[in-house]
Amino acid sequence: MKNKKLNIDIDVHSKKDLVSKYSDDTLSLELKEYLLNELVGEDINSKVNINFNLQIKLTNKEQDEFKKILRQEFKETLKELDNESKSSNIQKMALTLAGITFILLSTFVSTLSDVTQEILDIFGWVALWEVAYAMFFTDGKRRKKIKRIKQILNSEIIFKD
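The rules we used
Residues numbered from 1 in each chain as written. Predicted model: local features only at pLDDT ≥ 70, side-chain atom pairs only at ≥ 80, totals over all residues. Heavy atoms only, no water. Helix = DSSP H or I, 4+ residues; strand = E, 2+ residues; numbered from the N terminus. Rg over C-alpha atoms; globule rule 2.2 N^0.38 Å. Buried < 20%, exposed > 50% of the residue type's maximum accessible area, 1.4 Å probe, protein only. Axes fitted to C-alpha atoms, helices over the stretch in contact; angles between N-to-C directions. Parallel < 35°, antiparallel > 145°, perpendicular 65-115°, else oblique. Contact = heavy atoms within 4.5 Å. Nonpolar A, V, L, I, M, F, W, Y, C, P; charged D, E, K, R; others polar. Pairing = 2+ DSSP bridges. Right-handed = clockwise from strand over helix to strand, strands pointing away.

## Re the overall build of the protein chain
And then number 1: In terms of regular secondary structure, the protein chain is built from 3 helices and 3 strands.
And then number 2: In terms of C-alpha radius of gyration, the protein chain reaches 24 Å, well past the compact-globule figure of 15 Å for 161 residues.
And then number 3: When its C-alpha atoms are laid out on the principal axes, the protein chain stretches across 80 × 45 × 20 Å.
And then number 4: Counting the 161 residues in the protein chain, one finds 34% classified as buried.

Structure representation (structure tokens):
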């Protein structure tokens, strides 16, 4: 089945609609959020066209510069999510080892009191549950966000007068 093209239309009334009010080299936060919000509910594999309907005049150089700013912003976000994912994987490994260690201690160390064994057992299972929760829920959301950002990075950006 062929993927359909998804068109995101953006009306630009001013150059300030495109960039941050604090820096002309940074994408507007509102625009970034708008682009991501427009993808909600759409097929994750759809090709995307971002159509800027210009109410102002932008030179080709300004258009190219803005394309660069937009792509750079989403590349930085993708890099941040990648770093977050790596950090999460390290935390999951540490929690898994801690959980298994607590469970093994509660099971095989007979010199511990019954209460201490139960506490270690509970700590172990809670740690393992946290890992399972992260794998099933948190990582899934992050992977979907990464795919959405890649959709925007691979999009065709069109300026219409």
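## Here's the deal with the packing of helix H1 (residues 29–38) against helix H2 (residues 60–108)
And then number 1: Following both chains from N to C, one finds H1 and H2 inclined at 70°, their axes separated by 12 Å at the closest point. The angle between H1 and H2 places the two elements in the roughly perpendicular class. Counted together, Leu31, Lys32, Leu35 and Leu36 of H1 and Phe66, Leu70, Glu73, Phe74 and Thr77 of H2 form the full contact between these two elements.
And then number 2: The residue makeup of the contact of H1 with H2, split by class, is 6 nonpolar, 1 polar and 2 charged.

## Things to note about the pairing of strand E2 (residues 47–54)
And then number 1: Counting buried positions over the 8 residues of E2 gives 7, a clear majority of the element.
And then number 2: Here 8 bridges tie strand E1 (residues 5–12) to E2, and the two strands are oriented parallel to one another. Bridge assignment links Asn7 to a residue of E2, and that residue is Asn49.
And then number 3: Between E1 and its parallel partner E2, the chain crosses via H1, and the hand of that crossover is right-handed.
And then number 4: Across 5 bridges, the pairing between E2 and strand E3 (residues 156–160) is parallel. Residue pairing across strands places Asn53 opposite Lys160, the latter belonging to E3.

Note that all results are geometric; they support no functional claim without further evidence.
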